[in-house]
Amino acid sequence: MKFKATTAIAALAISLPALALADPDDDTLVVNGEIEMITKTAAPAHLSDVLDEVMSGWHFRSDETQVMQADDFDNPGMIYTEQAMDDWNTEMGTKGKSCASCHGDVEESMKGVRAVYPKWNDSKEKVYTIEMQVNDCLTDGMGAEAWKKSGARMAAMEALISVQSRGMPMNVAIDGPAEATWEWGKELYYTRTGQLDLSCASCHEENYGNHIRSDHLSQGQTNGFPVYRLKNAKLTTVHGRFKGCVRDTRAETYAPGSDEFVALELYVASRGNGLSVEGPSVRN
């Protein structure tokens, strides 16, 4: 079932008048001719009242953009994983350690990591994102300075970590101690904000598949992050995209790394449970 809210459509029509139907395609994503991605699957149980199927944002992109993601030589996001590999093997900070000093081969130690984040951190007693974990490793484990949240260096490291899980299904836990944060994220997802009075759901649940101006609204899944956005010519993190979305509602946005965005990331990531990790993906 795909629910259409008249009020949401009206708000979108007022702010973005060129709205037309443009259904997602049924193509299949196979990366490098060998990694077949799950880009459409049954919605997780907690979405059964609003969606029957969840779909990767890849299905809502042009054929040319889709082709770029299917080959690492054409994917502009892959160059950043090479830069991050340099950081992975470089000693930083006062303790003379690199990421590899503790974690060894990134292909082995980071396999499966992206698929389960954000996740509850027992020692910190809060939900942790990959960004938070990377900065803890830098400051506590290496005696180095923390990186800018959602900055270029952080986005590259997230891309390197994500690559090791490509093709694995997202499996973000939302029960136990993480449940309260997940509930908060859900509340934020459905809360209308800004001068346009829009929520995340207004676009990505109630109107996905619609074509607005030059963009095709997707379900807003995060399994492809970090994404290389062609319009910006750089990698964008989940919180970077959240910031842009909130700004587009003409509301005052939260900061990357804020508790609000951590909660929202947990909730949105759980909406894509079952979809393959794609990062770094390519989007418009």
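Structural data are supplied above this passage.
If you're wondering where the values come from, they're calculated on a predicted model, not measured in any experiment.

Sorry, what's going on with the state of the cysteines here?
One covalent bond between the sulfur atoms of two cysteine residues makes up a disulfide. This structure, assessed with the given rule, holds 0 disulfides. Summary of cysteine pairing: Cys99 is not part of a disulfide, and the nearest cysteine sulfur, belonging to Cys137, is at 7.0 Å. Take Cys99: its relative accessible area is 12%, and that puts it in the buried class. In this structure Cys102 is a free cysteine whose sulfur lies 7.2 Å from that of Cys137, the closest cysteine sulfur available. The exposed category is assigned to Cys102, whose relative accessible area is 56%.

Would you take a moment to explain the pattern of salt bridges for this structure?
Opposite charge on two side chains permits them to pair, given that their charged atoms come into close proximity. Evaluated as defined, the whole model comprises 8 salt bridges. For Arg153, the salt bridge identified is with Asp87, shortest N-O distance 2.9 Å. Highlighted residues: Arg153 in helix α8 (residues 152-163) and Asp87 in helix α3 (residues 78-88), separated in sequence by 66 residues. Close ionic contact of Arg271 with Glu205 constitutes a salt bridge, the shortest N to O distance being 2.9 Å.

Explanation requested: the packing of aromatic side chains in the structure shown.
A full pass over the atoms with the stated rule returns 8 aromatic pairs. Both rings, one in Trp182 and one in Tyr267, keep their centres 5.4 Å apart while their planes meet at 55 degrees; by these two values the pair is tilted. A residue pair is termed long-range when its members are at least 10 positions apart, and Trp182 in helix α9 (residues 179-190) and Tyr267 in helix α12 (residues 259-271) qualify at 85 residues. An identical accessibility class is assigned to Trp182 and Tyr267; each is buried. Ring pairing ties together the aromatic residues Trp182, Tyr189, Tyr190 and Tyr267, which thus form one cluster.

Just to check I follow, could you spell out the packing of α9 against α12 for this structure?
For any two helices packed against each other, one specifies the inter-axial angle together with the distance between the axes. Between α9 and α12, the shortest axis-to-axis distance is 7 Å and the interhelical angle comes to 90 degrees. On the basis of the axis angle, α9 is roughly perpendicular to α12. For the pair α9 and α12, contact is made by Thr181, Trp182, Trp184, Gly185, Lys186, Leu188, Tyr189 and Tyr190 and by Asp259, Glu260, Ala263, Leu264, Leu266, Tyr267, Val268, Ser270 and Arg271, respectively. Across the contact of α9 with α12, the residue classes break down as 10 nonpolar, 3 polar and 4 charged.

Would you mind showing me how to read the environment of Gly143 here?
The topology assignment puts Gly143 in the loop between α7 (130-141) and α8. Residue Gly143 is classed as partly exposed on the basis of its relative accessible area, which comes to 24%. Sequence separation between Gly143 and Gly96 is 47 residues, and the spatial gap between their C-alpha atoms is 8.2 Å. Beyond its immediate stretch of four places on either side in the chain, Gly143 contacts Gly93, Thr94, Lys95 and Leu138.

What is the right way to read the side chain of Ser56 from this model?
Inspection of the secondary structure puts Ser56 in the loop between β5 (53-55) and α2 (63-69). Residue classification places Ser56 among the buried positions, given a relative accessible area of 0%. Those residues in contact with Ser56, other than ones at most four positions away along the chain, are Thr39, Asn223, Leu275, Glu278 and Arg283.

Teacher, can you tell me more about the sheet that holds strand β12 (residues 281-283) here?
The strands making up a sheet are joined through hydrogen bonds of the backbone, oriented either antiparallel or parallel. Read across the open sheet, the 3 strands follow the order β11-β10-β12; overall the sheet is mixed. Every interior strand has two partners, whereas the edge strands, β11 (234-236) and β12, have only one. Within this sheet the neighbouring strands show an average axis-to-axis angle of 40 degrees, counted without direction. Here 3 bridges tie strand β10 (residues 227-229) to β11, and the two strands are oriented antiparallel to one another. Considered in β11, the bridge of Val227 is made with Thr236.

Please clarify how unusual backbone geometry should be interpreted in this entry.
Residues other than glycine predominantly adopt negative phi, and peptide bonds predominantly adopt the trans conformation. Following Tyr117, the chain continues into Pro118 via a peptide bond in cis, with omega recorded as 0 degrees. On the secondary structure map, Pro118 appears in the loop between α6 (113-116) and β6 (119-121). Note the cis peptide between Gly279 and Pro280, where omega equals -5 degrees. Its location among the elements puts Pro280 in the loop between α12 and β12.

Sorry if this is basic, but what is going on with the nonpolar core here?
Nonpolar side chains in soluble globular proteins tend to end up buried together. Formed by 59 residues in total, the largest nonpolar core has its most connected members in Val134 and Met157. Looking at this core, the element that brings in the most residues is α12, giving 8 residues. Leave out the neighbours within four places in its chain, and Val134 touches Trp147, Met154, Met157 and Ile161.

Reading the values: the criteria
Residues numbered from 1 in each chain as written. Predicted model: local features only at pLDDT ≥ 70, side-chain atom pairs only at ≥ 80, totals over all residues. Heavy atoms only, no water. Disulfide = S-S within 2.5 Å. Buried < 20%, exposed > 50% of the residue type's maximum accessible area, 1.4 Å probe, protein only. Salt bridge = Lys/Arg side-chain N within 4 Å of Asp/Glu carboxyl O. Helix = DSSP H or I, 4+ residues; strand = E, 2+ residues; numbered from the N terminus. Phe/Tyr/Trp six-rings, centres within 6.5 Å; stacked < 30°, edge-to-face > 60°. Axes fitted to C-alpha atoms, helices over the stretch in contact; angles between N-to-C directions. Parallel < 35°, antiparallel > 145°, perpendicular 65-115°, else oblique. Contact = heavy atoms within 4.5 Å. Nonpolar A, V, L, I, M, F, W, Y, C, P; charged D, E, K, R; others polar. Pairing = 2+ DSSP bridges. Core = buried A, V, L, I, M, F, W, Y, C linked by side-chain atoms within 4.5 Å.

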